[in-house]
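# What the coordinates show
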Amino acid sequence: MSTARQSQSHFYDSQSFYDEMFEKDFSVRPHYESVHRMFGKMKPSELGIRQHALNQRMMEEGITFTLYSSNQNEPLERTIPFDYIPRVIPRHEWDNIDRGVRQRIRALNAFTHDIYHQQRIVKDGVIPRKMIVSNTYFRPEMVGLDVPSGVYITASGIDLIRDEKGRYFVLEDNLRSPSGFSYLFKGRTLMSELFHDLYLSSSVQSIERSLNCFLSSLRSLAPSGKRDPLIVLLTPGSYNSAYYEHTFLAQQLGIHLVEGRDLVYKDHNIYLRDLRGLRKVDVIYRRIDDEFIDPLAFQPDSLLGVPGLMNAYRAGNVAIANAPGTGVADDKAVYAYVPDMIRYYLGEEPILHNVPTYILSRKEEREYVLDHLAELVVKETSLSGGYGMLIGPSATPAEIKAFAEAIKLDPERYIAQTTMRLSRAPVMMDGMMAPRHIDLRAFALMGEETHVIPGGLTRVAMTEGSLVVNSSQGGGVKDTWVLSR
């Protein structure tokens, strides 16, 4: 074994996990050869200089994420950990992911429309009625309402993982207001500048047109097909953890960044207050949860939304992306039925498979899960961002006992999944490559056409051995390179 392979074998368990860069014998996978060659010959001092330049750029440009913790008096704003060894995906692998994500979004959009109209999938016994009507994210206000262009899910983030055999699985669907777009685009800018030669020599698929696709998707929602619609991004404000992303997207898309107080409802329309007076708004890309967007329709004490917004929406005078009520389709219990949705609405077999999932309202599945909690992952169906989870293999007996009691008390609140051996990719730690678990958030943009951004965002569990990749839990990111040949 070569010296390079010996150094890698010290860090990598090649039998238990699929490694993105290395084969089981620690030879380099063909699509990673140029990346491995470049980083392998760089001196620690040079790597340190690159890391410092990267960190400096992120600080200067305010590429931050805000962490909130019950242990802190004040929220902590920090730069998101960014690892500069890119994740590389061969073209044939990406083509399959692209087709699978498109298929999944088509089915989920059809499901959302059906649930708020005929509910055929419920009447035909494919999905239990109770799972819909008792769903936290089901909005009765959307029943019978036809949304612009029939598009409920304008922007989505589909989280994918790989198992120890290198097979891709969908971990969950994010359909309300998925985050991470800014880290994808800024990560690519930083990598293409700081590692210019490597980037150019690697034949990486460009993501430049994806911002235009994002804007086109929003434009396509404009009522009456207006050619030059006024589009705004509705943010909760600067205290939101993803506020950097809100400002970035508004700037890059050339749309207005607004808070609820900047908009006013009048005569079944929504207007933007600016120096020229009131200007009619056509499309609202909202980064606020359903319950806060309109205090007259949802949570009455919300100060973040626009009173009367739903009246204007029902009148067909403004579009909202993503449509209110889309959360009914990304509930973690509903997730288990997505393969059935694909067969039901599209008449196709799923291209991308789900992680094996247990529905705890089913007695036999609940009993199995309670007997095997130490081996499984348990999630609250209505939570995201890595919250409300039990990772059995790394949990304490006290944590397992607490989850068991919670499941017995309210089983429909939880699902359980097989603990997957997430693939790993190398990150740079003190001048050495070290393995960390990763996933992939693939972003889809639906308008007149559906566009999947080439590569998406690779998220990294920066703590050794951890399976939690979420930024809210201290995870980091990588640039994702899809090869064009």
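Note that the structure is a prediction, hence the values are computed from the model and not measured. (Residues numbered from 1 in each chain as written. Predicted model: local features only at pLDDT ≥ 70, side-chain atom pairs only at ≥ 80, totals over all residues. Heavy atoms only, no water.)

## Observations concerning unusual backbone geometry
A cis amide bond links Ala321 to the next residue, Asn322, at an omega of -10°. Its place among the elements puts Asn322 in the loop between strand 12 (319–321) and helix 13 (332–335). One non-glycine residue, Gln119, adopts positive backbone phi at about 55°. The residue Gln119 is located in the loop between helix 4 (91–115) and helix 5 (120–123) in this model. (Helix = DSSP H or I, 4+ residues; strand = E, 2+ residues; numbered from the N terminus.)

## Points about the pairing of strand 8 (residues 263–266)
When a strand is regular, its side chains alternate between the sheet's two faces. Relative to strand 9 (residues 269–274), strand 8 is paired through four bridges, and the arrangement is antiparallel. Its bridge partner being in strand 9, Lys266 is matched across the sheet by Asn269. Turn length for the strand 8-strand 9 hairpin, with the two strands adjacent in sequence and antiparallel, is two residues, and the turn residue Asp267 shows positive phi of about 55°. (Pairing = 2+ DSSP bridges.)

## So, the pattern of salt bridges
Considering all chains together, one arrives at 37 salt bridges under this definition. Notably, a salt bridge pairs Arg91 with Asp95, separated by 3.9 Å at the nearest N-O pair. Taken together, the positions of Arg91 and Asp95, both in helix 4 and four residues apart, correspond to about one turn of that helix. By relative accessible area, which is 42% here, Arg91 ends up partly exposed. Take Asp95: its relative accessible area is 35%, and that puts it in the partly exposed class. Between Lys332 and Glu172 there is a salt bridge, and its shortest N-O distance comes to 3.9 Å. Residue Lys332 is located in helix 13, and its partner Glu172 is located in strand 5 (residues 168–174); the two are separated by 160 residues in the primary sequence. Relative accessible area serves as the criterion here: at 11%, Glu172 is assigned to the buried category. Bridged by salt links that share partners, the residues Glu20, Arg87, Glu93 and Arg162 form one connected network. (Salt bridge = Lys/Arg side-chain N within 4 Å of Asp/Glu carboxyl O. Buried < 20%, exposed > 50% of the residue type's maximum accessible area, 1.4 Å probe, protein only.)

## Observations regarding the packing of aromatic side chains
Throughout the structure, instances matching the rule amount to 14 aromatic pairs. Consider the rings of Phe39 and Tyr84, whose centres lie 5.7 Å apart with planes at 10°: the pair is stacked. With Phe39 in helix 2 (residues 33–41) and Tyr84 in strand 3 (residues 82–89), this pair connects stretches of sequence that are 45 residues apart. An identical accessibility class is assigned to Phe39 and Tyr84; each is buried. (Phe/Tyr/Trp six-rings, centres within 6.5 Å; stacked < 30°, edge-to-face > 60°.)

## Re the packing of helix 4 against helix 14 (residues 338–346)
In the contact formed by helix 4 and helix 14, the axes pass within 9 Å of each other and the chain directions differ by 80°. By the angle between their axes, helix 4 is roughly perpendicular relative to helix 14. Side by side, helix 4 and helix 14 meet where Gln103, Arg104, Arg106, Ala107, Leu108, Ala110, Phe111 and Asp114 of the first sit next to Val338, Met341, Ile342, Tyr345 and Leu346 of the second. A class-by-class count of the residues in the contact of helix 4 with helix 14 yields nine nonpolar, one polar and three charged. (Axes fitted to C-alpha atoms, helices over the stretch in contact; angles between N-to-C directions. Parallel < 35°, antiparallel > 145°, perpendicular 65-115°, else oblique. Contact = heavy atoms within 4.5 Å. Nonpolar A, V, L, I, M, F, W, Y, C, P; charged D, E, K, R; others polar.)

## Some words on the pairing of strand 15 (residues 376–380)
Within strand 15, five of the five residues are buried, which leaves it mostly tucked inside the rest of the structure. In strand 15, alternate side chains face the same way, and those of Leu376, Val378 and Glu380 on one face and Val377 and Lys379 on the other are all buried. Across five bridges, strand 15 lies against strand 17 (residues 414–418) in antiparallel orientation. Bridging across to strand 17, Leu376 finds its partner in Thr418.

## Some remarks on the confidence of the model for the protein chain
When pLDDT is averaged along the protein chain, the result is 90, and 93% of the positions lie at 70 or above. Here residues 1–7 scores under 50 on pLDDT; set against residues more than four positions off or in separate chains, the count is six contacts. (pLDDT = per-residue confidence, 0-100.)

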